[in-house]
Amino acid sequence: MNTPAFKRILLKLSGEVLMGEGGLSIDPDVIARVAAEIADVRAQGYELCVVVGGGNIFRGISGAARGMDRATGDYMGMLATVMNALAVQNALEQIGVETRVQSAIPMASVCEPFIRRRAERHLEKGRIVIFAAGVGSPFFTTDSGAALRAAEMKCDALFKGTSVDGVYDADPKKVPTATRYETVTYDRVLSDNLKVMDASAVALCRDNNIPIVVFNIRERGNLARVLRGQATATIVQA
Ligand code: UDP
């Protein structure tokens, strides 16, 4: 894949990415490996924002399916993202990378509130900023949080780490003949309902011209390789 030269990127990590084979919600080995990838890319001079999901712990929609009030479930989901953010922060600090966690829901004893100018300053100082609690409102997802923060922080691209190596015209785990797009437009993703991110997140990226790079984060060293244009991935763009 020919990746354009990006300087500041936002990495979206789904909660699922932090889970191991053994069924642990947060697998220490997996999180340490992801942290090493992030540290590696930081050492190469990239500025990095990270948005973490919470689906490995709780999703509001699953709570609603069991009769819970949807908004309450969503707030629980947002709290789950804060737990994941702290776990990612901890793993990064264990390998000497300076980080700050900023939450869209203020919780003064735990982490900083989201303040754009302060986040900017952290990035200038070489820190990695981990954004938690999505957009801070129920009925959204952390994909939307990622798109919003990428726009606010003027990121050159949103990197979506998944367990597949790009966007396919069908589910590659179910359809053996599924083919991968090298590039695909935002509009095609939306009209064909391709599994990239939820529609509001894709539309926000489209409206702000932020490319979405979908790649496999489960392969060791892949984030750095994708940034150098040496790994398989799909770019969603205009
Ligand atoms: N959530 C929310 N508003 C947001 C971000 C997240 O209500 O802005 C809740 C929602 O319930 C969601 C859960 O937090 O299901 C976990 O986030 P998400 O499903 O995006 O996590 P991921 O799939 O990336 O692990």
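In this text the structure is predicted, and so the values were computed from the model without any measurement.

1. Quick look at the pairing of strand β3 (residues 99-103)
Now for step 1: Of all 5 residues in β3, 4 are buried; the element is thus mostly enclosed.
Now for step 2: Strand direction decides the pairing type here: β3 and strand β4 (residues 112-113), joined by 2 bridges, are parallel. When the bridges of β4 are listed, S103 appears paired with P113.

2. Describing the UniProt feature "binding site: ATP" (unreviewed entry) in the chain
Now for step 1: Mapped onto this numbering, the UniProt entry annotates "binding site: ATP" (unreviewed entry) at K12, L13, S14, G15, G55, R59, T162, Y168 and D171. These residues run over 160 residues, and the two farthest C-alpha atoms among them are 25.2 Å apart, placing them at more than one spot.
Now for step 2: Along the chain, G15 turns up in the loop between β1 (8-13) and α1 (28-43).
Now for step 3: Setting aside its immediate chain neighbours within four residues, G15 contacts G53, G54, G55, N56, I57, A80 and N84.
Now for step 4: Within the secondary structure layout, T162 lies in strand β6 (residues 157-162).
Now for step 5: The exposure class of T162 is buried, given the 21 C-beta atoms found within 10 Å.
Now for step 6: Those residues in contact with T162 that sit more than four places away from it in its chain are V214, N216 and I217.

3. Some points on the site of the ligand
Now for step 1: Neighbouring the ligand are 25 residues, the closest being G53, G55, G60, G77 and G134.
Now for step 2: Elements represented by at least two residues in the shell around the ligand include exactly α2 (60-65), α3 (70-94) and α5 (142-152).
Now for step 3: The residue makeup of the shell around the ligand, split by class, is 6 nonpolar, 15 polar and 4 charged.

4. Quick word on the UniProt feature "binding site: UMP" (unreviewed entry) in the chain
Now for step 1: Within this structure's numbering, the places UniProt gives as "binding site: UMP" (unreviewed entry) are G54, D74, V135, G136, S137, P138, F139, F140, T141 and T142. What stands out for the annotated residues spanning 89 residues is how close their C-alpha atoms remain, the widest pair being 14.1 Å apart.
Now for step 2: Among the structural elements, F139 can be located in the loop between β5 (128-132) and α5.
Now for step 3: Since 12 C-beta atoms lie within 10 Å of it, F139 is described here as exposed.
Now for step 4: Among the structural elements, F140 can be located in the loop between β5 and α5.
Now for step 5: Not counting the four nearest positions on each side in its chain, F140 is found in contact with G134, V135 and G145.

5. Some words on the sheet that holds strand β9 (residues 234-237)
Now for step 1: With respect to topology, 9 strands assemble into an open sheet ordered β4-β3-β5-β2-β1-β6-β8-β9-β7, the strand pairing being mixed. Where the open sheet ends on each side, the last strands, each with one partner, are β4 and β7 (183-185).
Now for step 2: Running at roughly 155° to strand β2 (residues 47-52), α5 makes contact with β1, β2, β5 and β6 of the sheet.

6. A few points about the environment of T142
Now for step 1: With respect to the helices and strands, the residue T142 is situated in helix α5.
Now for step 2: When the 32 C-beta atoms within 10 Å are taken as the criterion, T142 is described as buried.
Now for step 3: Taking the C-alpha atoms as reference points, T142 and D198, 56 residues apart in sequence, are found 9.4 Å from one another.
Now for step 4: Setting aside its immediate chain neighbours within four residues, T142 contacts V51, V52, G53, G54, T81 and G134.

7. Brief notes about the pairing of β2
Looking along a regular strand, one sees the side chains alternate between the two faces of the sheet.
Now for step 1: The element β2 is extensively covered by neighbouring structure, given that 6 of its 6 residues are classed as buried.
Now for step 2: Sheet topology note: the β1/β2 ladder contains 6 bridges and is parallel. The residue of β2 that forms the bridge with L10 is C49.
Now for step 3: The β-α-β motif built from β1, the intervening α1 and the parallel element β2 has right-handed crossover chirality.
Now for step 4: With 3 bridges connecting them, β2 and β5 associate as parallel partners. Of the residues in β5, the one forming a bridge with V50 is I130.

8. Focus on the packing of α5 against helix α7 (residues 199-207)
Now for step 1: Orientation of α5 relative to α7, taken along the N-to-C sense of each, is 15°, at an axis distance of 8 Å. Taken together, the axes of α5 and α7 are roughly parallel relative to one another. The hand of the α5/α7 crossing is left-handed. Between α5 and α7, the residues in contact are D143, S144, A146, A147, L148 and A151 and S200, A201, L204 and C205, respectively.
Now for step 2: Across the contact of α5 with α7, the residue classes tally to 7 nonpolar, 2 polar and 1 charged.

Rules of the game
Here the residue index of a chain counts from 1 through its sequence in written order. At least 70 in pLDDT is required for a residue's local features to be given in this predicted model, at least 80 for side-chain atom pairs to be given and counted, and no such filter applies to totals for whole chains, interfaces and linings, which use all residues. Exposure classification rests on a simple neighbour count of other C-beta atoms within 10 Å of a residue's own: a residue reaching 20 or more is buried, one at 12 or fewer is exposed, and one in between is partly exposed. C-beta atoms are placed from the backbone. Only runs of H or I of at least four residues qualify as helices and only runs of E of at least two qualify as strands under DSSP, and these elements are numbered from the N terminus. A strand pair is defined by DSSP finding two or more bridges across the two strands. UniProt positions are given in the numbering used here, feature names are shortened, and annotations may be inferred rather than shown by experiment. By definition, residue pairs are in contact when their C-beta atoms, positioned from the backbone, come within 7 Å. Proximity of a residue to a molecule or strand is defined by its backbone-placed C-beta atom lying within 6 Å of that partner. Polarity classes work like this: nonpolar for Ala, Val, Leu, Ile, Met, Phe, Trp, Tyr, Cys and Pro, charged for Asp, Glu, Lys and Arg, and polar for all others, with Gly in that last group. Only C-alpha atoms enter the line fits that serve as axes; for helices the fit covers just the stretch in contact. Angles between N-to-C directions range over 0 to 180 degrees. Look down the strands so they point away from you; if the path from the first strand over the helix to the second goes clockwise, the crossover is right-handed. Each angle is binned into one of four classes, with values under 35 degrees roughly parallel, values over 145 roughly antiparallel, values of 65 to 115 roughly perpendicular, and all other values oblique. Helix crossings get a hand from a simple test, with the near helix turned counterclockwise from the far one by less than a right angle marking a left-handed crossing and a clockwise turn marking a right-handed one.

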